[in-house]
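Structural overview
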Amino acid sequence: MAHLLLVEDNELNRDMLSRRLARRGHEISFALDGGEAVEAAKRLPDLILMDMSLPVIDGWEATRRIKADPALRAIPVIALTAHAMRGDVDQAKAAGCDEFETKPVEFERLLAKIEQLLAARAK
Amino acid sequence: MSGSALAETDPGWRDWVRRKHPVHPTVLLDYRLRVPTWIFGALMFAAALYPRSAGWRTYAVMLVTCIAWPHVAWFIASRSRNSKAAELRNLALDLVLVGMLSALTGFSLWPTIASFLCINAGALSVGGWRFTLYGALAFAVAAAVTHVVSGVPIASTSNLAETVLSIGVLFVYTSMFALHSYLQSRRMVAARHALLAQNRIAEEANRAKSRFLANMSHELRTPLNAIIGYSEMLGEQAVDEGRTDLVADLQRIRGAGRHLLGLINDVLDLSKIEAGRTELVWETIDSRALLDEVAGTARPLMKKNANVFTVDCARTVGLIECDGVRLKQVLLNLLANAAKFTRAGRVRLRLRQEHAAGRDWQLFEVSDTGIGMTPEQMARVFQAFGQADAQIGREYGGTGLGLVISRRLCQLMGGDVTMASTHGKGSTFTVRLPVKRLPDTGRDDPPAEAVTAAASANDTTTGDAVGIAIPAATGGADVADAPGSVELGRA
């Protein structure tokens, strides 16, 4: 049972993804844009799922800010992008994302990545 | 002359003539030079013939040449099917006539010089240097023959009237020539400006198109994410609650959603390739490692139609320089097709190297014992949406874009995709890419030769399909609609 922060501006995707994650026993909190994400990160979730195309502050910038904060740096961030562009992967990595997943997500693989990052952090 | 004046004042008439009798530009050039020049030419020759008390026949030849001939030449050229060839014939006759006239004036110095210089320049500008050489010869021969036949004595001096009128001819001719050249450069500059402006408009339109496609792609995917995600979620719930009657239908929704996603990805991919906006990431690739990875991903696909899958790799293969992700995309697309169109048969992935056209090539062959193609179908498979025929699309699924994209990608990487097929027997698709370096002779790892695995019997390899991220999920498009198939885009 882990606490996941889901940053996603699209209501349907937020609802769908959070319900599926909750069914697998995770506790979910939400942020709707990059600014909210940085604030919500201060409540120290175990892991952040970050959509990249967000209003106000985009996912890349929000990730950069989280990773720049020594208190928040350790929280793993999985980038979710709608574009399947290679540039997006590089950009996500450059921003400090720990993992990367293309939307629509392959749910089992996303779960595996979440478990892997949580396990790595627990060590 | 009257025609020319009318042409200048009445563009409607001129346009009508142009539409009715389109002529080669040199015909028009020569007409414009001939008409005003030979009016002065007539005066010049008259001044030269008068002191030699020439007969009326000589004057007749002169008047026809100078006054009537330019219009007759225009008439002939503008009404012949090949106006350029007619123009050259007319010009050749011109050279002969002027040579004759020069002889009839007893080679009076200035008129001979003026007429030769003008006709020579005309020949050069219309017919080129070779034509001009033969023209000068024709001029000389005509002059010599006329001199002998007419018996006009050579008196190579000119009186004042001949000299002044000859200079007039030269002045008019060179002025007309220069004016034409000036107008031509101005038209060229204007045309270039227009072309540049058109290019700018086209580039802007292209950028707008790319932006539109990128936005559309995002806008189309967002609701699709929800459709696919919710159908997957409901599928899980249905399984949990024992509602197995719903599972198949939910899988159909998910399958259709994935198929639509594949189509969107393919169309976007192809548009980017066509717009020249595909960015390749060049890297040095160990083809054997890539082959193993691709084979691992493709193996589960082969199980579906109970196909036996074999992988062969030549003992010595060099490194290639290409975009590895794109190459995997291409190979997986070909393998997915092979798996799809073959039932209980064999699919082989083979890597070998050959020397052709002065360089080394690596050949990735995907051959199957599937349904094959007729020559008519083969002619269409590399065309966008040109799946061998519509029935195939309905029966086997797929977007019909995979092969087009594969081929374009390989062409971008300096290679190509070719095919051979026999209807009912099977097909072979060959990816050919240039080897950029010599084989690394220092390698000592065991050759991955004849890695043979019968997919139907060997299930332990199924889990190999990890970690191959194919951002543009093109390769997966053709199989994405099959429920339970591996999504190549995110295998």
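Residues numbered from 1 in each chain as written. Chains lettered and ligands numbered in written order. Predicted model: local features only at pLDDT ≥ 70, side-chain atom pairs only at ≥ 80, totals over all residues. Heavy atoms only, no water.

What follows deals with the overall build of chain B. Of the regular secondary structure elements, chain B holds 14 helices and 8 strands. Within chain B, the fraction of its 491 residues that count as buried is 47%. Taking contacts inside chain B between residues at least 6 apart in sequence as the whole, the part at least 24 apart equals 77%. Looking at chain B as shown, the accessible area adds up to about 24100 Å², and 62% of this sits on carbon and sulfur atoms. (Helix = DSSP H or I, 4+ residues; strand = E, 2+ residues; numbered from the N terminus. Buried < 20%, exposed > 50% of the residue type's maximum accessible area, 1.4 Å probe, protein only. Contact = heavy atoms within 4.5 Å. Areas by Shrake-Rupley, 256 points an atom, 1.4 Å probe, with all protein chains shown as cover.)

For the rest of this paragraph, the subject is the pattern of salt bridges. For the coordinates displayed, the defined rule picks out 32 salt bridges over all chains. Between A:R23 and B:D240 there is a salt bridge, with the nearest N and O atoms lying 2.4 Å from each other. Of the two residues, A:R23 is situated in helix α1 (residues 11-23) and B:D240 in helix α7 (residues 160-240); the pairing between them involves two chains. Residue B:R34 pairs with B:E87 through a salt bridge whose shortest N-O separation is 3.7 Å. (Salt bridge = Lys/Arg side-chain N within 4 Å of Asp/Glu carboxyl O.)

Here the focus is helix α6 (residues 109-150) of chain B. Residue and element names in this part refer to chain B. With 42 residues, α6 ought to run about 62 Å at 1.5 Å a step, yet its terminal C-alpha atoms sit only 18 Å apart, falling short of that. Taken as a whole, α6 carries its principal kink of about 135° at G127. In the stretch just after α6, G151 is the one whose phi turns positive, near 70°. (Expected span 1.5 Å × (residues − 1). Bend = angle between axes of the 7 residues up to and from the residue.)

Here we come to the sheet that holds strand β3 (residues 47-51) of chain A. Residues and elements named next belong to chain A. What the 5 strands build is an open sheet, ordered β2-β1-β3-β4-β5; its pairing is parallel. The open sheet is flanked by β2 (27-31) and β5 (99-102), the only strands paired with a single partner. Within this sheet the neighbouring strands show an average axis-to-axis angle of 20°, counted without direction. Here 4 bridges tie strand β1 (residues 3-7) to β3, and the two strands are oriented parallel to one another. Of the residues in β3, the one forming a bridge with L4 is L47. The strands touched by α1 are β1, β2, β3 and β4 (77-81); relative to β2, the strand with the most contacts, the crossing angle is about 160°. Across the sheet, helix α5 (residues 107-122) lies against β1, β3, β4 and β5, angled at about 170° from β5, the strand it touches most. (Pairing = 2+ DSSP bridges. Axes fitted to C-alpha atoms, helices over the stretch in contact; angles between N-to-C directions.)

We now examine the side chain of A:D51. All names here are of chain A. For D51, the position within the fold is in strand β3. Overall, the relative accessible area of 1% leaves D51 in the buried class. Of note is the side chain of D51, whose polar atom sits 3.2 Å from the side chain of K103. Once residues within four sequence positions are removed from consideration, D51 is found in contact with V7, E8, D9, G59, L80 and K103. (Polar contact = N/O pair within 3.5 Å; in protein donor to acceptor, adjacent residues only side chain to side chain.)

Moving on, we get to the packing of aromatic side chains. Working definition: an aromatic ring pair is given by the centre-to-centre distance plus the angle between the planes. Residues and elements named next belong to chain B. Following the criterion strictly, the structure yields 5 aromatic pairs over all chains and no others. Plain terms: the ring middles of F382 and F429 are 6.4 Å apart, the flat faces sit at 85° to each other, and that makes the pair edge-to-face. Placement of F382 in the loop between α11 (375-380) and α12 (390-396) and of F429 in strand β7 (residues 426-434) is noted, with a sequence separation of 47 residues between them. Comparing F382 with F429 shows no difference in burial state: the two are buried. We note R359 situated over the ring of W361; from NZ or CZ to the ring centre the distance is 5.6 Å. Across from the ring centre of F382, 4.4 Å away, lies the NZ or CZ of R407, which sits over that ring. (Phe/Tyr/Trp six-rings, centres within 6.5 Å; stacked < 30°, edge-to-face > 60°. Lys NZ or Arg CZ within 6 Å of the ring centre and 35° of its normal.)

A separate point is the confidence of the model for chain B. All names here are of chain B. This prediction gives chain B a mean pLDDT of 79; 81% of its residues lie at or above 70. A low-confidence stretch, residues 439-491 (pLDDT under 50), is modelled with 119 contacts involving residues beyond four sequence positions or located in other chains. This complex was scored by the predictor with a pTM of 0.54 and an ipTM of 0.88. (pLDDT = per-residue confidence, 0-100.)

A few words on the nonpolar core. All names here are of chain B. Core analysis: the largest hydrophobic core is formed by 46 residues, its most contacted members being F309, L327, L335, F364 and V431. In terms of residue count, helix α10 (residues 324-340) provides more of this core than any other element does, 9 residues in total. In this structure L327 touches L290, I320, C322, F364, M413, V431 and L433, once residues within four positions along its chain are discounted. Among the nonpolar cores identified, the runner-up in size contains 25 residues, and W38, F45, L104 and A123 belong to it. (Core = buried A, V, L, I, M, F, W, Y, C linked by side-chain atoms within 4.5 Å.)

Let us now look at the packing of α1(A) against α7(B). The contact between α1(A) and α7(B) brings their axes to 9 Å, and the two run at 25°. In this view, α1(A) runs roughly parallel relative to α7(B), as classed from their interaxial angle. The element α1(A) and its partner α7(B) pack so that their crossing is left-handed. Each of A:L12, A:N13, A:D15, A:M16, A:R19, A:R20 and A:R23 in α1(A) lies in contact with α7(B), whose residues at this interface are B:T222, B:N225, B:A226, B:G229, B:Y230, B:E232, B:M233, B:E236, B:Q237 and B:D240. Along the lines of polarity and charge, the residues of the contact of α1(A) with α7(B) split into 5 nonpolar, 5 polar and 7 charged. (Parallel < 35°, antiparallel > 145°, perpendicular 65-115°, else oblique. Left-handed = near helix turned anticlockwise from the far one by under 90°. Nonpolar A, V, L, I, M, F, W, Y, C, P; charged D, E, K, R; others polar.)

A separate point is the pairing of β2(A). Summarising the sheet, β1(A) and β2(A) pair through 5 bridges and their orientation is parallel. Paired with A:V7 across the two strands is A:A31, which belongs to β2(A).

This part covers unusual backbone geometry. Of the consecutive residues A:K103 and A:P104, the connecting peptide bond is found in the cis state with omega at 0°. Along the chain, the position of A:P104 falls in the loop between β5 and α5. At A:L44, a residue that is not glycine, the phi angle is positive and equals roughly 55°. Positionally, A:L44 belongs in the loop between α2 (34-41) and β3. Positive phi outside glycine occurs at B:A344, with the angle close to 50°. Inspection of the secondary structure assignment puts B:A344 in the loop between α10 and β4 (346-356).

Residue and element names in this part refer to chain B. It is the contact of helix α3 (residues 25-49) with α6, at a shortest axis distance of 11 Å, that shows an interaxial angle of 175°. When the axis of α3 is compared with that of α6, the two are roughly antiparallel. Taking contact as the criterion, the partners of T26, L29, D30, T37, W38, M44, F45 and A48 in α3 are, on α6, P111, A114, S115, C118, S125 and V126. Split by residue class, the contact of α3 with α6 holds 9 nonpolar, 4 polar and 1 charged.

Bringing a nonpolar patch on the surface into the picture now. A cluster of nonpolar side chains, namely B:Y134, B:L137, B:V141, B:V145, B:V148 and B:V149, defines an oily patch on the protein surface of about 660 Å² accessible area. Secondary-structure assignment places B:V149 in helix α6. (Patch = residues over 30% accessible without salt bridge, like charges linked within 9 Å, V, L, I, M, F, W, Y side chains within 5 Å.)

A separate point is the environment of B:S150. Residues and elements named next belong to chain B. Counting through the fold element by element, S150 comes out in helix α6. Here S150 falls in the partly exposed class, since its relative accessible area comes to 34%. C-alpha of S150 to C-alpha of G106: the two residues are 44 residues apart in sequence and 9.9 Å apart in space. There is a polar contact of 2.7 Å between the side chain of S150 and the backbone oxygen of T146.

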